[in-house]
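Structural description and commentary
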Amino acid sequence: IILSKMEANFIRLPRKTKPVTRKHLGNQSKASTKALIENEKMKWEEVTEAFKSSTNKLKTELIVGGVTKSCIDGVTREMIIFQENDHTRVDVDSLSTASAAVDRVWSFAACYPSINVKILILILDDIRNLISEIAALMGIPMQRKLNAIRSDPKAPKEILYSTEEAAKKIFDVGINCNIDAYKTRALKKVISSPHVGSGRSG
């Protein structure tokens, strides 16, 4: 088919318009991934600071409530979930330990009448929600890694299986943390009722 000069000019792409190539799509994908990773990094920084703040509030409240130093030191250790040099590196087992520590802290309310249970449950609710958020953040790069391995036909099966197992473990811990957070939230509603006293004398 022979086009006239006028027809050729009519169908010609505008000068500033470039055809979309596979390389261009690849660059867009890389830019999008980079933006997601930067966003995740910001969320990690926010949740790290929030978790440290909440655990410090908890420690102060337990001291004021008369809890023994050994008990406070014990739960404080159990709530250390971030590595000192890299707050994005969290052992998934440490999340389960921290969530269990919240239950132990709540049991102190029955042993130490001077604890203000209304303040305590607010702090524990914050901590539980943050643990759930951390579990969700951990799952994002793990899922990304798993997708990359699954899409690679040359990926060794043992690596695929081990990554799937690690992803499932994070997912399971996340579910348990969400259930625990829901229980604490429900308890907070009961404790926050105006008919319930603070539990602190004086």
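Residues numbered from 1 in each chain as written. Predicted model: local features only at pLDDT ≥ 70, side-chain atom pairs only at ≥ 80, totals over all residues. Heavy atoms only, no water.

Attention shifts here to the packing of helix H4 (residues 92–111) against helix H6 (residues 157–191). Their axes nearest at 9 Å, the elements H4 and H6 cross at an angle of 20 degrees. One finds that H4 runs roughly parallel with respect to H6. Where H4 crosses over H6, the handedness of that crossing is left-handed. The segment H4 lies against H6, with Val-92, Asp-93, Leu-95, Ser-96, Ser-99 and Trp-106 engaging Lys-169, Ile-170, Val-173, Cys-177, Asp-180, Leu-187 and Ile-191. (Axes fitted to C-alpha atoms, helices over the stretch in contact; angles between N-to-C directions. Helix = DSSP H or I, 4+ residues; strand = E, 2+ residues; numbered from the N terminus. Parallel < 35°, antiparallel > 145°, perpendicular 65-115°, else oblique. Left-handed = near helix turned anticlockwise from the far one by under 90°. Contact = heavy atoms within 4.5 Å.)

The complete set of buried residues in helix H3 (residues 69–78) reads Ile-72, Gly-74 and Val-75. All buried residues of H3 lie within an arc of 160 degrees about the axis, which places them on one face of the element. Exposed and oriented more than 90 degrees from the buried face of H3 are Lys-69, Ser-70 and Arg-77. (Buried < 20%, exposed > 50% of the residue type's maximum accessible area, 1.4 Å probe, protein only. Arc of directions from axis to C-beta.)

With that settled, consider the nonpolar core. Among the nonpolar cores identified, the biggest contains 44 residues, and Phe-51, Leu-58, Leu-62, Met-79, Leu-95, Val-105 and Ile-134 are the most heavily contacted of them. For this core, the elements supplying multiple residues, two or more each, are helix H2 (22–64), H3, H4, helix H5 (117–150) and H6. The dominant element in this core, judged by the number of residues it contributes, is H5, at 15 residues. With residues near it in sequence (within four places) discarded, Met-79 still touches Phe-51, Thr-55, Leu-58, Ala-98, Ala-101, Val-102, Val-105 and Ile-127. (Core = buried A, V, L, I, M, F, W, Y, C linked by side-chain atoms within 4.5 Å.)

Moving on, we come to the confidence of the model for the protein. Summing up the model confidence of the protein, the mean pLDDT is 81 and the portion of residues at 70 or higher is 79%. Mean pLDDT values over the elements of the protein span from 43, in helix H1 (residues 5–11), up to 94, in H3. Long-range and interchain partners of residues 1–17, a stretch whose pLDDT sits below 50, account for two contacts in this model, where long-range means more than four residues apart. (pLDDT = per-residue confidence, 0-100.)

Using the criterion set out here, one finds eight salt bridges in the structure. When the shortest N-O distance is used, the salt bridge between Arg-104 and Glu-78 registers 3.1 Å. Linking Arg-104 in helix H4 with Glu-78 in helix H3, this pair joins segments that are 26 residues apart in sequence. Judged by relative accessible area, Glu-78 falls into the partly exposed class, the value being 26%. When the shortest N-O distance is used, the salt bridge between Lys-188 and Asp-125 registers 2.8 Å. Of this pair, Lys-188 sits in helix H6 while Asp-125 is found in helix H5, placing the two residues 63 residues apart along the sequence. Look at Lys-188 and you get partly exposed, because its relative accessible area is 21%. Accessibility expressed as a relative area gives 4% for Asp-125, which makes it buried. (Salt bridge = Lys/Arg side-chain N within 4 Å of Asp/Glu carboxyl O.)

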